[in-house]
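# Coordinate analysis (summary)
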Amino acid sequence: MWNPDLSPATAALLADALLALHVGIVVFVVGLLPLVLLGGALGWHWVRHAGLRISHLGLMVFIAVQAWLGQLCPLTVWEQALRRTAGQPSYRESFIEHWLSKLLYWDAPWWVFVTAYTAFAWVVALAWCWVRPTRRP
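Let me sum up the structure you'll find in this document. Quick caveat, the model's predicted, so the values are computed rather than measured.

Note on helix geometry: an α-helix contains 3.6 residues per turn, so any two residues three or four positions apart are oriented the same way. Its twelve residues place the ends of helix α3 (residues 74-85) 16 Å apart at the C-alpha level, agreeing with the 16 Å of an ideal helix rising 1.5 Å per residue. When we look at burial in α3, the residues that qualify are Leu75, Thr76, Glu79, Gln80, Ala81, Leu82 and Arg83. Remark: Gly87 follows α3 within two positions and exhibits a positive phi of approximately 80°.

Here's what the structure looks like:
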């Protein structure tokens, strides 16, 4: 899966970068919904941007479908593979990794995540109806 010539230090750096990217995606997916709802009520035009909203809904549907299929996020799988290449356990306690992974990885039964992701996907879809995206000419 990974280049066998990849140095452990490079693999560890790439794993940390993937974790940071993962947190950024989580912040985008979770944080955009309240902004869309608030922005719709306050008349913010940017929350109606079709490309932004399609990206948001698409990511949330992808996450929910993965949960229903019992699959891990590809970013998690890649990060863990890089950590193994680096000779690290899956989530060794580096500074970045420790704090960012605390935001992403919770200890709960799988059904909790499936339910939460599915419910959140429905709310994102409903927000599409409440705050309709527009296309600019």
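Position of Gln88 relative to the elements: it lies in the loop between α3 and α4 (95-104). Given a relative accessible area of 16%, Gln88 falls into the buried group. Counting along the chain gives 76 residues from Gln88 to Ala12, while the straight-line C-alpha distance between them is 7.9 Å.

Here the focus is empty space enclosed by the protein. In this structure the tally under the stated criterion is one cavity of 30 Å³ or more. What the largest cavity holds in volume is close to 30 Å³. If you go around the largest cavity, the residues you meet are Leu33, Val36, Arg53, His56, Val124, Ala127 and Trp128. Counting residues per element, the ones that place at least two in the lining of the largest cavity are α1 (8-42), α2 (50-69) and α5 (110-130). The element that contributes the greatest number of residues to the lining of the largest cavity is α5, accounting for three residues.

Attention now goes to the packing of α1 against α2. As a packed pair, α1 and α2 sit with axes 10 Å apart at the nearest point and diverge in direction by 120°. When the axis of α1 is compared with that of α2, the two are oblique. Every pair of crossing elements has a handedness; the one defined by α1 and α2 is left-handed. On the side of α1, the interface is formed by Ile25, Phe28, Val29, Leu32, Leu33 and Val36, while α2 contributes Leu52, Arg53, Ser55, His56, Leu59, Met60 and Ile63.

Moving on to the packing of aromatic side chains. Inspection of every chain in the model, using the stated rule, returns three aromatic pairs. Seen from their ring centres, Trp110 and Phe113 are 6.2 Å apart, and the 50° between their planes marks the pair as tilted. On the criterion of helical spacing, the pair formed by Trp110 and Phe113 is a turn pair, its members being three residues apart in helix α5. With 6.1 Å between their ring centres and 45° between their planes, Phe113 and Tyr117 make a pair best called tilted. Here Phe113 pairs with Tyr117, and both are found in helix α5, just four residues apart, close to one helical turn.

Another aspect to go through is the pattern of salt bridges. Evaluation of the coordinates by the stated rule reveals two salt bridges. Where Asp16 meets Arg83, a salt bridge forms, and the shortest distance between an N and an O atom there is 2.8 Å. With a gap of 67 residues between them, Asp16 in helix α1 and Arg83 in helix α3 connect regions that are remote in the sequence. With respect to burial, Asp16 and Arg83 carry one shared label: buried. The salt bridge involving Arg83 is made with Glu79; its shortest N-O contact spans 3.0 Å. Highlighted residues: Arg83 and Glu79, both in helix α3, separated by four residues, approximately one helical turn. The same class applies to Arg83 as to Glu79, namely buried. By sharing partners, the salt bridges in this structure join Asp16, Glu79 and Arg83 into a single network.

Cut-offs used in this document
Residues numbered from 1 in each chain as written. Predicted model: local features only at pLDDT ≥ 70, side-chain atom pairs only at ≥ 80, totals over all residues. Heavy atoms only, no water. Helix = DSSP H or I, 4+ residues; strand = E, 2+ residues; numbered from the N terminus. Expected span 1.5 Å × (residues − 1). Buried < 20%, exposed > 50% of the residue type's maximum accessible area, 1.4 Å probe, protein only. 1 Å grid on protein atoms, 1.4 Å probe; cavity = no way out; pocket = protein on both sides within 12 Å on 5 of 7 lines; lining within 4 Å. Points joined across faces, edges and corners; volume = space filled by probe spheres on them. Axes fitted to C-alpha atoms, helices over the stretch in contact; angles between N-to-C directions. Parallel < 35°, antiparallel > 145°, perpendicular 65-115°, else oblique. Left-handed = near helix turned anticlockwise from the far one by under 90°. Contact = heavy atoms within 4.5 Å. Phe/Tyr/Trp six-rings, centres within 6.5 Å; stacked < 30°, edge-to-face > 60°. Salt bridge = Lys/Arg side-chain N within 4 Å of Asp/Glu carboxyl O.

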